[in-house]
Amino acid sequence: MDEREKLRKFRELDDAFAEALRELEQPDNALDIPTGPPVRSLETLDEEERQREREALFEQRLQALMQDYAQPAESVSHLLATLKSLGKIA
């Protein structure tokens, strides 16, 4: 990159910085500052972790029952769909 290009980029950066400072100085200006995802509380994170653990445990128990009773996944899926349609499970 030659010196002119470096100088042009520096001016662009300087102009952008000056514009940002002017916007900050305006008290009635609502800034559109990009932020990340909302911060979740530790309780929420703990509850999500507990939910994942419950789901994993349920999956393990279901797999063991399917193996004990020699039931294929399609049969169990059909049974669960029937129970759900009857309102027996949510």
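This text follows the structure it describes.
Here we summarise the structure given alongside this text.

About the thresholds
Residues numbered from 1 in each chain as written. Predicted model: local features only at pLDDT ≥ 70, side-chain atom pairs only at ≥ 80, totals over all residues. Heavy atoms only, no water. Helix = DSSP H or I, 4+ residues; strand = E, 2+ residues; numbered from the N terminus. Rg over C-alpha atoms; globule rule 2.2 N^0.38 Å. Buried < 20%, exposed > 50% of the residue type's maximum accessible area, 1.4 Å probe, protein only. Areas by Shrake-Rupley, 256 points an atom, 1.4 Å probe, with all protein chains shown as cover. Lys, Arg positive; Asp, Glu negative; His and termini not counted. Charge placed at Lys NZ, Arg CZ, Asp CG, Glu CD. 1 Å grid on protein atoms, 1.4 Å probe; cavity = no way out; pocket = protein on both sides within 12 Å on 5 of 7 lines; lining within 4 Å. Points joined across faces, edges and corners; volume = space filled by probe spheres on them. Nonpolar A, V, L, I, M, F, W, Y, C, P; charged D, E, K, R; others polar. Salt bridge = Lys/Arg side-chain N within 4 Å of Asp/Glu carboxyl O. Patch = residues over 30% accessible without salt bridge, like charges linked within 9 Å, V, L, I, M, F, W, Y side chains within 5 Å. Expected span 1.5 Å × (residues − 1).

1. As for the overall build of the chain
Reasoning step 1: Secondary structure summary: the chain contains three helices and zero strands in total.
Reasoning step 2: Listed by position from the N terminus, the elements making up the chain come as α-α-α.
Reasoning step 3: A compact globule built from 90 residues would reach a C-alpha radius of gyration of about 12 Å, whereas the chain, at 29 Å, exceeds it by more than 25%.
Reasoning step 4: In terms of overall dimensions, the chain has a C-alpha envelope of 75 × 40 × 25 Å along the principal axes.
Reasoning step 5: Expressed as a percentage of the 90 residues in the chain, the buried residues total 2%.
Reasoning step 6: Here the chain has roughly 8,600 Å² of accessible surface; of this, 57% comes from carbon and sulfur atoms.
Reasoning step 7: Where the 13 positive side-chain charges of the chain centre and where its 21 negative ones centre are 3 Å apart.

2. Examining the layout of surface pockets
Reasoning step 1: Of the voids in this model, the largest pocket is the one considered here, and its volume is about 150 Å³.
Reasoning step 2: What lines the largest pocket is simply Phe 58, Leu 62, Leu 65, Met 66, Tyr 69, Gln 71, Ser 75, Val 76, Leu 79, Leu 80 and Leu 83.
Reasoning step 3: Those elements that place two or more of their residues in the lining of the largest pocket are helix 2 (42–68) and helix 3 (73–85).
Reasoning step 4: Taken together, the residues of the lining of the largest pocket sort by class into nine nonpolar, two polar and no charged.

3. Let's talk about the pattern of salt bridges
Reasoning step 1: The full count for this structure, using the stated rule, is seven salt bridges.
Reasoning step 2: Glu 49 is the partner of Arg 52 in a salt bridge, and the nearest nitrogen-oxygen pair spans 2.9 Å. Of this pair, Arg 52 and Glu 49 both sit in helix 2, three residues apart, which is roughly one turn of the helix.
Reasoning step 3: Each of Glu 5, Arg 8 and Glu 12 takes part in one network of salt bridges that share partners.

4. Things to note about a nonpolar patch on the surface
Reasoning step 1: Taken together, the side chains of Phe 17, Leu 21 and Leu 24 present a nonpolar region at the surface, about 320 Å² in accessible area.
Reasoning step 2: Along the chain, Leu 24 turns up in helix 1 (residues 3–25).

5. Concerning helix 2
Reasoning step 1: Here helix 2 is 27 residues long and its end C-alpha atoms lie 39 Å apart, about the 39 Å a rise of 1.5 Å per residue gives.
Reasoning step 2: Ala 70, located one to two residues past helix 2, shows a positive phi value of around 50 degrees.

Such coordinate-based values are descriptive only and should not be taken to indicate function.
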